[in-house]
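Structural overview
Next come the chains, spelled out residue by residue.
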Amino acid sequence: MNYEFRFFLYLCDKNMAEPLAERLRPRTLDDYIGQQHLVGEGAVLRRMIDSGRISSFILWGPPGVGKTTLAQIIAHKLETPFYTLSAVTSGVKDVRDVIEKAQKGRFFNEASPILFIDEIHRFSKSQQDSLLGAVERGIVTLIGATTENPSFEVIRPLLSRCQLYVLKSLEKADLLKLLERAISKDVILRERKIELKETDALLRYSGGDARKLLNILELVVESESGDVVITDELVVARLQQNPLAYDKDGEMHYDIISAFIKSIRGSDPDAALYWMARMIEGGEDPQFIARRMVISASEDIGLANPNALLLANAAFDAVMKIGWPEARIALAECAVYLATSPKSNSAYLGIDAALALVRETGNQPVPLPIRNAPTQLMKELGYHDGYKYPHDYPGHFTPQQYMPDELQDRRLWHGQHSPQEEKLWQRMVNYWGKRFED
């Protein structure tokens, strides 16, 4: 058996062992699908990469949208050493070892080695602290990837040293392009006769996750012999035969948290507890559950029961302090309280209305009486002139204009008539009269 044939067999065995998603991983930006707002012609990351110098940054986005792939493409393009750490398996010692290796291996005036940290949100504070000096001195260029909001999970000093780029779920056109590439370019699938007759189920189950889309395609193709005609019915049937367990990074993750929040909003404590149990049994991050309840307390309960936000924050704090399994009790207490609370979204609607008004009307001038006047010149210009200090008046209130001149009659907050919020609305009617009589 000659060398060339043995090498061909080795490549075939290697390709057979790799999943489809890995075999199709792009190697260049030209092959990269999606995220054109970052890597398209003239986009911020594209310009940085083309210049040959990049600064440290964090990629934040849902699973399967190309965070790891993008980091690898950048390292290949810049021809710089590329080190990878997983926040799941690496400790402080691993971080220090990589930094030392990068420092020793770097030549004068050469681009800094890239340190890619997957799931950086899982790094502890001490692990993140160990990165600070190396990032600040340029020993390494840090690229972090996270599916969680960095402002919650990444320490402020490290976050301030990194740019933040948000990646989006892949759009339908991107996913269809990926499917066509898979069946026409993949070394294994191109040997099969595959027809994409229907794609709705493939796209629906993938949830904008390229990796999941390719895994489903591979599963469906491997379950068939001979020619493959992919239909929605076939995809649904094959996925039912191979039920997907709760995937905290996949579609079911988003479906179940959606069911949980909607159960709270719909005042069904039994359903809220059930969906919470599904997340707990599936290994969901308790901080994720707690954060969503803080959001729900503001968005769905709001001013109908202001204590809900206090309890949700207390539950989040309890999760951070005590961990599993006891934290489940605090989460359950909060979920039941939120579900059984009266509901109001007036604050949520109010801020959205205010944002829409700002976008519509632009930068309206602040009325002179309520401007700040720290200097004599500002006082001479009339800043603060005529301001009425409410505490000097009966009931700590006196009418005066706070909105810009052109918007002084616009209403943004509309009280909803739960018992608690009724009191707030009635106070506004007493203060402002007809303006709040709606």
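Up top you'll find the structure we're talking about.
This write-up is about the structure you can find in this document. (Residues numbered from 1 in each chain as written. Predicted model: local features only at pLDDT ≥ 70, side-chain atom pairs only at ≥ 80, totals over all residues. Heavy atoms only, no water.)

Looking now at the overall build of the protein chain. Within the protein chain, the secondary structure is distributed over 21 helices and seven strands. Taken across its 438 residues, the protein chain has 41% of its residues classed as buried. Taking contacts inside the protein chain between residues at least 6 apart in sequence as the whole, the part at least 24 apart equals 71%. Surface summary for the protein chain: the accessible area is close to 24,400 Å², and the carbon and sulfur share equals 53%. (Helix = DSSP H or I, 4+ residues; strand = E, 2+ residues; numbered from the N terminus. Buried < 20%, exposed > 50% of the residue type's maximum accessible area, 1.4 Å probe, protein only. Contact = heavy atoms within 4.5 Å. Areas by Shrake-Rupley, 256 points an atom, 1.4 Å probe, with all protein chains shown as cover.)

In this section: the packing of helix α16 (residues 286-301) against helix α17 (residues 307-322). Axis separation between α16 and α17 bottoms out at 9 Å; the angle between their running directions is 175°. Comparing the axis directions of α16 and α17 gives the class roughly antiparallel. Here α16 contributes Pro286, Gln287, Ala290, Arg291, Met293, Val294, Ala297, Ser298 and Ile301 to the contact with α17, which in turn contributes Ala308, Leu309, Ala312, Asn313, Phe316, Val319 and Met320. (Axes fitted to C-alpha atoms, helices over the stretch in contact; angles between N-to-C directions. Parallel < 35°, antiparallel > 145°, perpendicular 65-115°, else oblique.)

It is worth spelling out the nonpolar core at this point. The biggest cluster of nonpolar side chains holds 28 residues, and the ones touching the most others in it are Leu202, Leu217, Ile230 and Val235. When contributions to this core are tallied by element, the ones reaching two or more residues are α2 (20-23), α10 (172-185), β6 (194-196), α11 (200-206), α12 (210-222), β7 (228-230) and α13 (232-241). With seven residues, the top contributor of residues to this core is α12. Aside from chain neighbours lying at most four places away, what touches Ile230 is Ile194, Glu195, Leu196, Lys197, Glu198, Leu202, Leu217, Val220, Val221 and Val235. Core analysis: the next-biggest nonpolar cluster, separate from the first, contains 25 residues, Met276, Ile289, Cys334 and Leu338 among them. (Core = buried A, V, L, I, M, F, W, Y, C linked by side-chain atoms within 4.5 Å.)

Considering the arrangement of structural elements, one finds Asp209 in the loop between α11 and α12. With a relative accessible area of 7%, Asp209 lands in the buried category. On a C-alpha basis, the gap between Asp209 and Lys168 in space is 9.9 Å, while along the polypeptide they are 41 residues apart. At 3.0 Å, the side chain of Asp209 and the backbone nitrogen of Arg211 are in polar contact. (Polar contact = N/O pair within 3.5 Å; in protein donor to acceptor, adjacent residues only side chain to side chain.)

Okay, the environment of Arg238 next. With respect to the helices and strands, Arg238 occurs in helix α13. You can call Arg238 buried: its relative accessible area is 16%. On a C-alpha basis, the gap between Arg238 and Ile216 in space is 9.0 Å, while along the polypeptide they are 22 residues apart. Residue contacts for Arg238: discarding those within four places in its chain leaves Leu219, Val220, Ser223 and Glu224. There is a polar contact of 2.5 Å between the side chain of Arg238 and the side chain of Glu224.

Moving on, we come to unusual backbone geometry. Unlike most non-glycine residues, Gln35 shows phi in positive territory, near 55°. When you line up the elements, Gln35 lands in the loop between α2 and α3 (36-39). In this model, His396 sits at a positive phi of 60°, which is unusual for a non-glycine residue. Relative to the helices and strands, His396 is located in the loop between α20 (376-380) and α21 (419-432).

Taken together, the side chains of Tyr387, Tyr389 and Tyr402 define a hydrophobic patch exposed on the protein surface, amounting to about 290 Å² of accessible area. On the secondary structure map, Tyr402 appears in the loop between α20 and α21. (Patch = residues over 30% accessible without salt bridge, like charges linked within 9 Å, V, L, I, M, F, W, Y side chains within 5 Å. Salt bridge = Lys/Arg side-chain N within 4 Å of Asp/Glu carboxyl O.)

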